[in-house]
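Each chain, letter by letter, is given below.
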Amino acid sequence: MSPQARRDDLIRAALDLFGSRAPELVTVDDIVARAEVSRPLFYRYFPSLRELQVEALRTVTDGLIDVLAGLEEGPPETRLRAAVRGLIDVADHYRAGYIALLRSGSVIATSETDAAVDAVRNRAVSLILDALSVTDPSPLLSLTLRCWTAVVEGALLSWLQERTLPREALDTWLVDQLTAMLGATAAHEVALKP
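In this report, we go over the structure that sits alongside the text. (Residues numbered from 1 in each chain as written. Predicted model: local features only at pLDDT ≥ 70, side-chain atom pairs only at ≥ 80, totals over all residues. Heavy atoms only, no water.)

## Considering the environment of Ala22
Here is step 1 of the chain: Mapped onto the secondary structure, Ala22 falls in the loop between α1 (3-18) and α2 (28-35).
Here is step 2 of the chain: A relative accessible area of 17% places Ala22 in the buried class.
Here is step 3 of the chain: C-alpha separation for the pair Ala22 and Ala96, spaced 74 residues apart in sequence, amounts to 5.0 Å. (Helix = DSSP H or I, 4+ residues; strand = E, 2+ residues; numbered from the N terminus. Buried < 20%, exposed > 50% of the residue type's maximum accessible area, 1.4 Å probe, protein only.)

This is the structure in structure tokens:
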């Protein structure tokens, strides 16, 4: 196995474990057992468990960005629904890692992971602006889109932990939330015009 393939295999093993446990509960022994490698081999690729955790969580955020970047063409609502479904799929696939990444006070949160989360948020806002053909958003529209990304994150965290809503209803509800928020923003922008 090439060095990059071995490194990817260790990350994949960690992410598999994050599917059932929070990253801070996964040990080096758990990862080497899952990847079927020795501890010395683990340390050849990652000087610490923390570095592997950050790399694995970066894989989650890269997956989220890839979903947002690879959207099909079509009407804005179709593209948005596809994006939300993709986000739900990635968050569900990496459930524990996603929860750890966004959970306030996570022991694995770093400036690097915070920057990775911000990149996903910025890509989501950019995608919506592109779909709406808006190149120069008003301050109120920018605020609306940033608030909606917080709604999506909060809803996904709750849904991943509680599963009280069918997946199909979740993406529809989230898109409807944005539609309602955009309507309220448009009404306020009309009222704010001199």
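## Brief notes about the pattern of salt bridges
Here is step 1 of the chain: Scanning the model with the defined rule gives 12 salt bridges in all.
Here is step 2 of the chain: Asp9 is the salt-bridge partner of Arg6, the closest N and O atoms lying 3.5 Å from each other. Here Arg6 pairs with Asp9, and both are found in helix α1, just three residues apart, close to one helical turn.
Here is step 3 of the chain: Residue Glu153 is joined to Arg121 by a salt bridge in which the shortest nitrogen-to-oxygen separation is 2.6 Å. (Salt bridge = Lys/Arg side-chain N within 4 Å of Asp/Glu carboxyl O.)

## A closer look at the environment of Asp114
Here is step 1 of the chain: Looking at where Asp114 falls in the secondary structure, it is placed in helix α7 (residues 111-131).
Here is step 2 of the chain: For the pair Asp114 and Arg44, spaced 70 residues apart in sequence, the C-alpha separation works out to 26 Å.

## Some words on the environment of Arg85
Here is step 1 of the chain: Residue placement: Arg85 occurs in helix α5 (residues 76-93).
Here is step 2 of the chain: For Arg85, a relative accessible area of 38% gives the class partly exposed.
Here is step 3 of the chain: Counting along the chain gives 82 residues from Arg85 to Arg167, while the straight-line C-alpha distance between them is 8.6 Å.

In short, the description is geometric, and any link to function would need to be established separately.
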